[in-house]
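Residue-level structural notes
Chain by chain, the residues:
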Amino acid sequence: MNAIELRENAIESMHKFHEGVKHNDIAELEQQVMVSISKLPASDRNFMLLAGKMNDVKAVYPVSDQLTTRYSLADLVMAYHLYLQEINSNKDNVALMDRIDQFYQINYL
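As the structure is a prediction and not an experimental result, all values here were calculated from the model. (Residues numbered from 1 in each chain as written. Predicted model: local features only at pLDDT ≥ 70, side-chain atom pairs only at ≥ 80, totals over all residues. Heavy atoms only, no water.)

Here we take up the confidence of the model for the protein. With 95% of its residues at a pLDDT of at least 70, the protein reaches an overall mean of 88. Helix H3 (residues 42–52) is the least confidently modelled element of the protein, averaging 88 in pLDDT, while helix H2 (residues 29–38) averages 96, the highest of any element. (pLDDT = per-residue confidence, 0-100. Helix = DSSP H or I, 4+ residues; strand = E, 2+ residues; numbered from the N terminus.)

Quick look at helix H4 (residues 73–87) now. In this model, H4 (15 residues) spans 21 Å end to end at C-alpha, consistent with the 21 Å of a helix rising 1.5 Å per residue. For H4, the buried fraction is high: 12 of the 15 residues fall into the buried class. Residues Leu73, Ala74, Asp75, Leu76, Val77, Met78, Ala79, Tyr80, His81, Leu82, Tyr83 and Glu86 constitute the buried set of H4. On the buried face of H4, the contacting elements are helix H1 (3–22), H2, H3 and helix H5 (94–103). (Expected span 1.5 Å × (residues − 1). Buried < 20%, exposed > 50% of the residue type's maximum accessible area, 1.4 Å probe, protein only. Contact = heavy atoms within 4.5 Å.)

Bringing the pattern of salt bridges into the picture now. For the structure on display, the rule yields three salt bridges. Note that Asp44 and Arg7 form a salt bridge whose closest N and O atoms lie 2.7 Å from each other. Here Arg7 lies in helix H1 and Asp44 lies in helix H3, a separation of 37 residues in the sequence. Note that Glu19 and Lys22 form a salt bridge whose closest N and O atoms lie 3.3 Å from each other. (Salt bridge = Lys/Arg side-chain N within 4 Å of Asp/Glu carboxyl O.)

Moving on, we come to the nonpolar core. Most often, soluble globular proteins keep nonpolar side chains buried together rather than apart. Counting 30 residues, the largest nonpolar core has Met14, Leu76 and Tyr104 as its most contacted members. Of all the secondary structure elements, the ones that give two or more residues to this core are H1, H2, H3, H4 and H5. Ranked by the residues each element gives to this core, the list is headed by H4, at nine residues. (Core = buried A, V, L, I, M, F, W, Y, C linked by side-chain atoms within 4.5 Å.)

To continue, consider the packing of H4 against H5. Contact geometry of H4 with H5 gives a least axis separation of 11 Å together with a crossing angle of 155°. As summarised for this structure, H4 and H5 are arranged roughly antiparallel, according to the angle between their axes. For the element pair H4 and H5, the recorded crossing hand is left-handed. Note on element contacts: H5 touches H4 through Leu96, Met97, Arg99, Ile100 and Phe103, opposite Asp75, Met78, Ala79, His81, Leu82, Gln85 and Glu86. (Axes fitted to C-alpha atoms, helices over the stretch in contact; angles between N-to-C directions. Parallel < 35°, antiparallel > 145°, perpendicular 65-115°, else oblique. Left-handed = near helix turned anticlockwise from the far one by under 90°.)

On the basis of relative accessibility, which here comes to 4%, the residue Asp44 falls in the buried class. Apart from the residues within four sequence positions on either side, Asp44 is in contact with Arg7, Leu73 and Leu76.

Pasting the structure below:
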């Protein structure tokens, strides 16, 4: 797999985790996220880990509020940033859940 495919897999696993949180079904999903992250190139992992410790990831890297189809490093960093926020929050945080839905372009209207 190339780097873009590995990023796509990692982002998809974080998206599945988000869906699992909303439906109270996260069994094994967090482990899947960790496995997909471990398969990323070292440079991607290192950047994610550094940016993941920031409160405002946009201050250090130009990330978007919505996932692109390029699965760029910016997409990966933002997905990881939101994943960490979701882990450290609860599903009752409506603003966070809406922000994550917006990132993954989920519209439930």
